[in-house]
Amino acid sequence: MTTTHLPGFPRIGAKRELKILLESYWKRDICEAELLAGARELRQRHWLLQKGAGVDLPPVGDFSLYDHVLDAQLLVGAAPARFGFAADAIDTERYFQLARGNASQPALEMTKWFDTNYHYLVPEWQTDTAFRAQPERLLGQVREALALGVRAKPVLLGPLSLLWLGKCKGRTFERLQLLPGLLAAYRQILAALREAGVEWVQIDEPILALDLPPAWLDAFPASYRQLQADAPAILLASYFGGVAEHADLLKALPVAGLHLDLARAPQQLSAFLAGFPADKVLSAGVIDGRNVWRADLSAILRQLQAAHAQLGDRLWLAPSCSLLHSPFDLAAEIALAPDIKAWLAFAVQKLNELRTLQRGLRLGRDAIAGELAGSDFAQQQKQHSPLIHLPGVRQRIAALPAGADRRASPYPVRAPLQQAWLRLPPLPTTTIGSFPQTAAIRASRAAYKRGELAAADYQKAMEGEIELAIRRQEALGLDVLVHGEAERNDMVEYFGEQLSGFAFTAGGWVQSYGSRCVKPPILYGDVSRPAAMTVDWARYAQSLTAKPVKGMLTGPVTILQWSFVRDDLPRSEVCRQIALALNDEVRGLEAAGIRVIQIDEPAIREGLPLKRADRDGYLAWAGQAFRLSCHGVDDATQIHTHMCYSEFGDILPAIAALDADVITIETSRSDMALLADFSRFRYPNAIGPGVYDIHSPRVPAPAEIRQLLEKALQVIPAAQLWVNPDCGLKTRDWPEVEAALAAMVQVGRELREEIAPAV
């Protein structure tokens, strides 16, 4: 019978139980034993759910207390040397110090997991990095699953992907020189899994979807010959894109099976079916693990017929990638509009889709006729629904004049016009937008949503929080203020709730990193802005101070990337719709007297296609969308943007082409590593490289901030340099925020005085 399996499953739980456990432990409300017991109960519940849904091989090892890449580093005994932790002495507390930093060391750098909104912790490699296998870190979970009667399939991040995803520390060297020692550690782990009774192990090599250098591709055959020697049967998994160009290489590898992402790249199937080895299984990732739309079961079954005729039971079925990127269970969404709910499938529903396809391949189409009819009806209803189509939106895009995405004048003309009224000192200080979302703020918002707090009372409460944020910023001495975003639940959800074409869930959470979860909107239809979204809040904030207050918006690319996006239009077209809706808001802010407007685009790098051949086209439409959001803005209005937690060095020309007057960008976790790219590319406008890592509870000392700014001044002219944190401050507490910002302002003033004659 056709085997079903999962590359991974959501680890946060149906009700974000993992988040609650982690934050309770960090606050010391529970002890380590309670944390570990809660985590064990959660993952065991997930295994039994999968087993009950008919999954033949549930994954083990995909559950992590913080990050699966960090877990892979520790499994091979490769904790960063700077922490001074022995490989076999990393307990729970030290594990979290690697992820969140401690008094003497900043946390591991964090960046995006390929083109998703999940953030992984970046491994640190040195020429003398040694590997020492720690198989017990995984074997404990394997034993738990086997004891429950679950046919466990351990999931490991592959050795080549683990090496590739890390960064050289100290002097630059070829990371492949570490491969022999790393493979030796993997072999010990695989041998231990085989000894424990594991039949299959999934080894993920997602870097196969990238444009890899020849030396890295050449390393695969020899590496997997070594790994297979003492291992259970290996299922080599690729995902997030097509790997047809490597079909011959992969089919020849000494592994027992291959997993392909056929949701992202269905066309690659034929390349693998041609001459597929008789001793291998082919895992077809046909259920989209990255989106929430119900599968077109009839189309998928047709797609699989030739493969099943050729392979029989050697054809396995799976989601395209880990369901880590999917919300947990649609059944809990009792308030979602029935028409829209009928178009959706979350992780639990995707298990049912797998089982349906398995029955269809085994018993024929007639055996699943009812399920196919339901799927067909949902597809047709979605295609023709009047909820989706707003003719005026598309007409507006078609009527855009040539050059609509360009400012009236270039930056050298705009900058002095802006400075004439801003009158900012050298090295101006600001923040990225949000301030702590306190318990009082969350309680007011929840009461308002439940109807327990009148609109006028809610507005009064939020105005009180805005005034508090303004007064604290004035006391700190910041130069450009923000209103603090007290009224916002999330930087994307808040805007989606006020735009047409978006639907929202009550519990559609997905993990972004650690305990941080987001609830992406479901972008199902044409987008427009029925009414102002931020204007009144910004106008009120500006009325409280003589200093300039930034209007704060999330940019079109980020709203697109951080939503579950409709699949019936090109993403470029959807992004232009969002951009024009935001342009209405930008014009509204400007008309209300807000002349500094930040349009955040932290996801612009995240959306970059994994293949170089597709990148220029994406960057062209993404840049156009950002510029369309600023369409018609006066030269004296200063447009900011913000980017964080991605690698930006290879797209700096495209970032410059956004033509924002000021860009703030994350750099503190990487110790200003991005400055090397700025030394090669002369960024033309103003820039604020972040000096305070807001994703760690650690408060930086003034000396650390000074060191970072002095590095920046070696590359960025003082007249172009701003001083700011890495990102928004909503996840932090006020005491640490005020301490960090006070240090930041202090250092900014000191450096301002030192460089004043040169500016």
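Everything below is about the structure shown above.
Quick summary incoming for the structure in this document.

Cut-offs applied
Residues numbered from 1 in each chain as written. Predicted model: local features only at pLDDT ≥ 70, side-chain atom pairs only at ≥ 80, totals over all residues. Heavy atoms only, no water. Helix = DSSP H or I, 4+ residues; strand = E, 2+ residues; numbered from the N terminus. Buried < 20%, exposed > 50% of the residue type's maximum accessible area, 1.4 Å probe, protein only. Pairing = 2+ DSSP bridges. Contact = heavy atoms within 4.5 Å. Axes fitted to C-alpha atoms, helices over the stretch in contact; angles between N-to-C directions.

Right, let's talk about the environment of Val281 for a bit. Following the sequence through the fold, Val281 ends up in strand E10 (residues 281-287). A relative accessible area of 10% places Val281 in the buried class. Between the C-alpha atom of Val281 and that of His259, which follows or precedes it by 22 residues, the distance is 8.5 Å.

Ordered by their spatial adjacency, seven strands build an open sheet running E1-E5-E7-E8-E9-E10-E11, and the pairing between neighbours is parallel. Looking at strand neighbours, the two that pair on one side only are strand E1 (59-60) and strand E11 (315-319), the edges of this open sheet. Judged from the five bridges that link them, strand E7 (residues 200-204) and strand E8 (residues 233-237) form a sheet pairing that is parallel. Directly across from Trp200, in E8, lies its bridge partner Ala233. Lying over the sheet, helix H7 (residues 179-195) contacts strand E5 (153-157) and E7, oriented at roughly 175° with respect to E5. Where helix H8 (residues 214-228) meets the sheet, its contacts fall on E7 and E8, and the angle it forms with E8 comes to roughly 145°.

So, about the environment of Cys630. Assignment of secondary structure puts Cys630 in the loop between helix H23 (615-629) and strand E20 (638-643). The spacing of Cys630 and Ile599 is 31 residues in sequence and 8.9 Å in space, taken between C-alpha atoms. Non-local contacts of Cys630, meaning those with residues more than four positions away in its chain, are made with Arg407, Asn583, Ile599 and Ile639.

With that settled, the discussion passes to the sheet that holds strand E13 (residues 502-503). Overall, mixed pairing links the three strands, which are arranged E13-E16-E18 in an open sheet. Strands with a single pairing partner mark the edges of an open sheet, and in this sheet they are E13 and strand E18 (564-565). Relative to strand E16 (residues 522-523), E13 is paired through two bridges, and the arrangement is antiparallel. The residue of E16 that forms the bridge with Phe502 is Leu523.

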